Every structure is written in structure tokens, then in C-alpha cells.
Amino acid sequence: MLKETVISHLIKPEDLQHHGTLFAGRMADWLIETCFIAACRLVGKPEDVVCVQIHGINFNKPATSGDIIEVKARIALVGVTSITVHGQAFNNEEKAPSVTGMATFVTVDKGGKPYAYGLSLPEEYIAQNREIYEEALKVRGSR
Ligand SMILES: CC(C)(COP(=O)(O)OP(=O)(O)OC[C@H]1O[C@@H](n2cnc3c(N)ncnc32)[C@H](O)[C@@H]1OP(=O)(O)O)[C@@H](O)C(=O)NCCC(=O)NCCS
């Protein structure tokens, strides 16, 4: 399923670090979880999906207690056994993302061995999401 995955979080005092803004580890958790759910929805078998790489997370703008963070994840690239997902987080429905990042997941069998899940991205989807598709190609490099 190629629908965007969207999860909202209310930032609470326990989510903050000593500067009084959202702790990066909490934000990373929310971002990667949303990307993971997007990959699971594509494959249809959450129990088979593992994360192999987080390609980097950019924190562009701080958020604080009481802010509502909306995390959005879209499939950026599919390989044979791998899926690269692009994630963004928005503060209080702002237009520009406060956080962006990408993660790659792999489908594994019960023995932990990668297997081909047999899906590809329709040309139309790639055309509509070309920016993240190309970004994913870049971060995946030769892999
Ligand atoms: C995921 C895992 C099974 C991959 O094993 P592997 O021997 O590297 O597998 P392969 O070399 O056959 O690669 C499988 C796919 O992963 C991709 N891949 C492997 N390492 C990668 C990396 N570091 N970054 C991005 N993609 C990677 C390959 O390109 C390949 O993609 P494709 O099939 O779409 O072409 C293995 O690394 C693993 O078990 N890792 C731990 C996963 C885990 O526990 N995650 C939770 C972390 S807390």
C-alpha cells in the first residue's frame, strides 16, 4: 500500500531535554516508527520487516511542550528485499518540515534471511514522488 502514513504526537514535558525543547532521541523514535509502519503496510507482513540503516536525520527547527508534531512517511524506493522510506515531521501544521530523514528496511524470513517481497513502484507513483525517489537513490548509493 502506497498511501502516506501519518501519525501525530502531542509533545509533553517528559519529551523534552535540558534546553526545554524536544529531545532528538524521542523525535528519532517517532520518525523511524512512522517509516517502519509505512514499510510494513507496503509489504503487508510487519513481522518480516527489520531496519538495516537510518540514513541520517536533520533537525531543522526546535519544538516544545504543547506543540503537536505530525510525522509523515512515504515509500521512496523499493529494491528486491529492501524498502527505503522518507520521513518528515511538521510542527503545528507548518508548511516546512522541522525534521526530515530516511531509513531502509529489509524483509527477512523466520531465520532472519532477506527474501524478495516481489513489489515494485508504479511509474506514476515515482513521477509524483520524484524528489524523494532521487534522494533515496542518492543515499542508497551503490547498495
Ligand atoms: C537486514 C539484514 C538481514 C541484511 O543482511 P545482509 O546480509 O546485509 O543482506 P543482503 O546483503 O542480502 O542485502 C539485503 C538488502 O539490504 C540492502 N542493504 C544491506 N545493508 C544495507 C545498508 N547498510 N544500508 C542500506 N541497505 C542495505 C541491500 O542493498 C539489499 O537490498 P536489495 O535486496 O533491495 O537489493 C542484516 O543486516 C540484519 O539482520 N541486520 C539487523 C537488523 C535489525 O536487527 N534491525 C533492528 C536494529 S535495532
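Here, the structure is the one placed above.
By convention here, each chain's residues receive numbers from 1 onward along its written sequence. Per-residue local features are limited, in this predicted model, to residues with pLDDT of at least 70; the limit for side-chain atom pairs, both in listing and counting, is 80 or more; totals at the level of whole chains, interfaces and linings are taken over all residues. Each side-chain value is worked out from all heavy atoms of the structure, with water and hydrogens disregarded.

**Quick notes on the nonpolar core**
- We define a nonpolar core as any set of buried Ala, Val, Leu, Ile, Met, Phe, Trp, Tyr and Cys residues linked to one another through side-chain atoms lying within 4.5 Å. Whether a residue is buried, partly exposed or exposed follows from its accessible area with a 1.4 Å probe, protein chains only, as a fraction of its type maximum: under 20%, in between, or over 50%, in that order. Within the largest apolar cluster, 19 residues are counted, with the highest numbers of intra-cluster contacts made by Ile 75, Ile 83, Val 85 and Phe 105.
- Helix and strand assignments come from DSSP, with helices taken as H or I runs of at least 4 residues and strands as E runs of at least 2, each series counted from the N terminus. Among the elements of the structure, helix H1 (24-43), strand E3 (68-78), strand E4 (82-91), strand E5 (99-107) and helix H2 (123-128) are those that each provide at least two residues to this core.
- Per element, the largest residue contribution to this core is seven residues, and it comes from H1.
- Ignoring sequence-local partners within four residues, the contact set of Ile 83 consists of Ala 39, Leu 42, Val 43, Ile 75, Leu 77, Ala 103, Thr 104, Phe 105 and Tyr 117. Every residue pair with non-hydrogen atoms within 4.5 Å of one another is taken to be in contact.

**Some details on the site of the ligand**
- Within the structure, the ligand sits among 15 residues, and Cys 51, Gln 53, Val 80, Thr 81 and Ser 82 are positioned closest to it.
- The definition of a polar contact used here is a pair of N or O atoms within 3.5 Å, where within protein one atom must be able to donate a hydrogen and the other to accept one, and adjacent residues in sequence count solely through side-chain atom pairs. In the environment of the ligand, a nitrogen atom lies 2.6 Å from a nitrogen or oxygen atom belonging to the side chain of Gln 53.
- Residue Val 80 places a main-chain N or O atom 2.7 Å away from an oxygen atom belonging to the ligand.
- Broken down by secondary-structure element, the contributors of at least two residues to the shell around the ligand are strand E2 (49-59) and E5.
- Top contributing element to the shell around the ligand by residue count: E2, with four residues.
- Gly counts as polar in this scheme, as do all residues outside two lists: the nonpolar Ala, Val, Leu, Ile, Met, Phe, Trp, Tyr, Cys and Pro, and the charged Asp, Glu, Lys and Arg. Here the shell around the ligand is composed, by residue class, of seven nonpolar, six polar and two charged. The rule for a residue being near a molecule or strand is that one of its heavy atoms must lie within 4 Å of it.

**With respect to the pattern of salt bridges**
- Think of a salt bridge as a Lys or Arg side-chain nitrogen and an Asp or Glu carboxyl oxygen that are within 4 Å of each other. Following the criterion strictly, the structure yields four salt bridges and no others.
- With a shortest N-O distance of 2.9 Å, Lys 61 and Glu 94 are connected by a salt bridge. A residue pair is termed long-range when its members are at least 10 positions apart, and Lys 61 in the loop between E2 and E3 and Glu 94 in the loop between E4 and E5 qualify at 33 residues.
- Assessed through its relative accessible area of 42%, Lys 61 is described here as partly exposed.
- The partner of Lys 72 in a salt bridge is Glu 70, and the shortest N-O contact between them spans 3.9 Å.
- With a relative accessible area of 23%, Lys 72 lands in the partly exposed category.

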